[in-house]
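# Chain and residue survey
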Amino acid sequence: MAEIRRVPEYCYQCVAGPDLFKVVVKDGVAVGIEPNCDFAGIHPANGRVCVKAYGLIQKTYNPYRIKRPMRRTNPRKGKHEDPGWVEISWDEALDLIAEKLREVRQKGLVDEEGYPRLAVTVGSGGISPAYMGALPAFFFAAWGPIDFGIGSGQGVKCYHSEHLYGEFWHRAFIVVPDTPRCKYVLSFGNNTDAGGGVLGVWRHAEARVNNHLRRVQFEPHLSVTAAHAEWVPIRPKTDAAVLFAMIHVVLHEHDWQHVCDIPFLKQMTNSPYLVGPNGYFMRDPKTRKPLMWDAREGRPRPFDDGVEEPALTGTYHVRGVEVGPDEIIWEHEEAECRPAFQVLMDHVAPYTPEWAQEISDVPAETIRRVTREFLENACVGETIEIEGGRRTRTVLWRSFWARRSPTAGAATSVVGPAPCWPRWWARWRCPAARSVPPCASTGRDPTVRSACAPAPTGSWTSP
Ligand code: SF4
């Protein structure tokens, strides 16, 4: 009689997890996966996993899986070089790594240039345990400075848009969208109903039924998500053009003072910071603090000087310095400056829905209508109480708005928590934040180009 056990486990193959299940073990061999119904009513997905988790059995018994540490014996690299991998014991592997770590410590954790001597890659940034597990939390944190760049974005901190928005702007990750309370979702190609994980699909379905959630899906093809939404066909890789047009509609076709979250923009973002002629913040010559224009007193003041009425619009003549890359300094006795919000307004002025229609195939009227709906549902200035704390109602969530399009951040920022800063043009041409190119005209940071970029002509160049 075969012995059958059901072992509780969890899947964390993607960041939608962890999700719960039981492994069916027959005579010591894993033969199947079942929901863990012990967690029905506790786990949001009632102890179920998505279809991907069912492949874990094959993964476990893959005859080609790595079973022991491997050491490369051929130092030469190249397409036709055999790396010469050989199996070694765990003791050998740990001794080898410890010896190298000791060498680094003896030399110093950073080199003469101030860069970390230790670079680490954990193989995959997309698998949560790789960057949320004990290794980074305890060992890497205890070590000191480490270069994670080798993994191209993986590691505890990468340049993924969500991390930029979440960490630097909101001081929190917002990887868990508040779908059940959501009223309106604009999605640019995020195929939630296929790849959102068991919880994502469930939460969206609940929201559609219980909260009358409305979804608008911009996507070249009719995905399963688009089938449950208003599908707006769009030419591939032109999402940013539509988003720019939406910002244009918000700022130039609506009364921005009425539809934007003005107190938020003034007090919680860098929208009032003055931008100098080179595209950098104008700073106080002594303290180097960014300056704002105090509309009440009619003079520039540092951002943290208790300015109650910072100007969001206008042009001002100000004495100060701009600090560029590599400590390039521009000293100005008097220079024409505009608040970052004004720079954004000027910047998006040419990006009309008609301009975007030419590029994206999305009708101008659709862009206007969707923008209007977005504003109607943006709950500008509203707050909501969650577990005793008040929160703003509209947030940017990476996969809907901003996964690879910082333009989306600027679009949502005007109605809620995300700042405006007109450096998006350069990235629009190259939307992945981590691949920002240097400014072609000046060889400097793309910020320079963003502030002085010529008006678009309607042509479209795919990177
Ligand atoms: S969504 Fe699927 S693959 Fe991702 S953690 Fe959950 S069960 Fe695993």
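Numbering of residues starts from 1 in every chain and runs along the sequence as written. Side-chain atom pairs in this predicted model are given and counted only at pLDDT of 80 or more, local residue features only at pLDDT of at least 70, and totals for whole chains, interfaces and linings cover all residues.

Attention now goes to the overall build of the protein chain. Counting from the N terminus, the helices are DSSP H or I runs at least four residues long and the strands are E runs at least two residues long. A count of helices and strands for the protein chain gives 18 helices and 16 strands. Neighbour density around each residue's C-beta defines its exposure: 20 or more other C-beta atoms within 10 Å make it buried, 12 or fewer make it exposed, and counts between make it partly exposed, where C-beta atoms are placed from the backbone. For the protein chain, buried positions account for 35% of its 463 residues. The contact rule is simple: place each C-beta atom from the backbone, and if two of them lie within 7 Å, those residues are in contact. The contacts of the protein chain with a sequence gap of at least 6 include a subset with a gap of at least 24, amounting to 57%.

Turning to the sheet that holds strand β6 (residues 184–188), a few remarks are in order. Strands in a sheet are paired, the pairing made by backbone hydrogen bonds, and the direction either parallel or antiparallel. Spatial strand order, β6-β7-β8: three strands in an open sheet with parallel pairing. Only two strands of the sheet have a single neighbouring strand rather than two, namely β6 and β8 (230–232). If you compare each strand with its neighbour and ignore which way they point, the axes differ by 15° on average. When DSSP finds two or more bridges between two strands, those strands count as paired. Here strand β7 (residues 214–218) runs beside β8; their pairing, made up of three bridges, is parallel. What sits directly across from Val 216, in β8, is Glu 230. Only the stretch in contact is used when fitting a helix axis, every axis being a line fitted to C-alpha atoms; angles between N-to-C directions are given from 0 to 180 degrees. Along the sheet, helix α14 (residues 364–376) makes contact with β6, β7 and β8, crossing β6 at roughly 135°.

Relative to the helices and strands, Val 23 is located in strand β2 (residues 19–26). Leaving out residues up to four positions away in the same chain, Val 23 has contacts with Val 7, Glu 9, Ala 30 and Ile 33.

Topologically, Ala 245 is positioned in helix α9 (residues 239–253). Looking at Ala 245, the number of C-beta atoms within 10 Å reads 28, which means it is buried. C-alpha separation for the pair Ala 245 and Arg 368, spaced 123 residues apart in sequence, amounts to 8.5 Å. Setting aside residues up to four positions removed in sequence, Ala 245 forms contacts with Tyr 351, Thr 352, Pro 353, Trp 355, Ala 356 and Ile 367.

Here we come to the site of the ligand. Taken together, the neighbourhood of the ligand is formed by 14 residues, with Cys 11, Gly 17, Asp 19, Cys 50 and Gly 197 sitting nearest. Gly is placed with the polar residues, together with every amino acid not listed as nonpolar (Ala, Val, Leu, Ile, Met, Phe, Trp, Tyr, Cys and Pro) or charged (Asp, Glu, Lys and Arg). Residue classes in the shell around the ligand are distributed as nine nonpolar, three polar and two charged. We call a residue near a molecule or strand if the C-beta atom, set from the backbone, is within 6 Å of it.

Time to look at helix α12 (residues 340–348). Across the nine residues that make up α12, a large majority, eight, are buried. Along α12, the residues classified as buried are Ala 340, Phe 341, Gln 342, Val 343, Leu 344, Met 345, His 347 and Val 348.

Our focus in this paragraph is the sheet that holds strand β1 (residues 4–11). A sheet is described by the order of its strands in space; here three strands give the open sequence β1-β2-β3, paired in antiparallel fashion. Among the strands making up the open sheet, the edge pair consists of β1 and β3 (29–35). Pairs of neighbouring strands in the sheet enclose a mean axial angle of 30°, with direction left out of account. Pairing between β2 and β3: six bridges, direction antiparallel. Its bridge partner being in β3, Val 23 is matched across the sheet by Ile 33.

What follows deals with the nonpolar core. In this structure, Val 242, Phe 244, Ala 245, Leu 274 and Ala 356 are the most contacted members of the largest nonpolar core, which totals 52 residues. Elements with a minimum of two residues in this core: β6, α9, α11 (262–268), β9 (274–275), β11 (291–294), α12, α13 (353–360) and α14. Of all the elements, α9 adds the most residues to this core, at eleven residues. Note on terminology: a nonpolar core is any set of buried Ala, Val, Leu, Ile, Met, Phe, Trp, Tyr and Cys residues joined through C-beta atoms within 7 Å. Cys 11, Leu 20, Phe 21 and Cys 50 belong to the second largest nonpolar core, which has eight residues in total.

Bringing the packing of α13 against α14 into the picture now. At a minimum axis distance of 8 Å, the contact between α13 and α14 shows a crossing angle of 120°. Put simply, α13 runs oblique to α14. Handedness of the α13/α14 crossing: right-handed. Mapping the contact onto sequence places Pro 353, Glu 354, Ala 356 and Gln 357 in α13 and Ala 364, Ile 367 and Arg 368 in α14. Residues of the contact of α13 with α14, tallied by class, amount to four nonpolar, one polar and two charged. Angles below 35 degrees are treated as roughly parallel, those above 145 as roughly antiparallel, those between 65 and 115 as roughly perpendicular, and all remaining angles as oblique. Two helices crossing with the near one rotated counterclockwise from the far one by less than a right angle form a left-handed crossing, whereas a clockwise rotation gives a right-handed crossing.

A helix is expected to reach a length of 1.5 Å times the quantity of its residues less one. End to end, helix α2 (residues 90–107) covers 26 Å across 18 residues, agreeing with the expected 26 Å (1.5 Å per residue, within 8%). Among the 18 residues in α2, zero count as buried, and that is only a small part of the element.

One non-glycine residue with positive phi stands out, namely His 212, at about 55°. The backbone phi angle of Asp 326 is positive, close to 50°, even though this residue is not glycine. Looking at the secondary structure, you find Asp 326 in the loop between β13 (316–323) and β14 (329–339). Taking the C-beta count within 10 Å as the criterion, Asp 326 has 7 such neighbours and is therefore assigned exposed.

As a further point, take the packing of α9 against α13. Two packed helices can be described by the angle between their axes and the distance between those axes. Two numbers describe how α9 lies on α13: the axes approach to 9 Å, and their chain directions differ by 170°. Classified by the interaxial angle, the pair formed by α9 and α13 is roughly antiparallel. Only Pro 353, Trp 355, Ala 356, Ile 359 and Ser 360 of α13 make contact with α9, whose side of the interface consists of Ala 241, Val 242, Phe 244, Ala 245 and Val 249. When grouped by side-chain class, the residues that make up the contact of α9 with α13 number nine nonpolar, one polar and no charged.

Summary statistics for the protein chain give a mean pLDDT of 80 and a share of 75% for residues scoring 70 or more. Residue-level confidence of the predictor is what pLDDT reports, using numbers from 0 through 100. Within the model, pLDDT remains below 50 along residues 152–157, and this stretch shows 20 contacts once partners closer than five positions in the same chain are excluded. Across residues 397–406, confidence stays below pLDDT 50; counting only partners more than four residues off in sequence or on other chains, it has 35 contacts.

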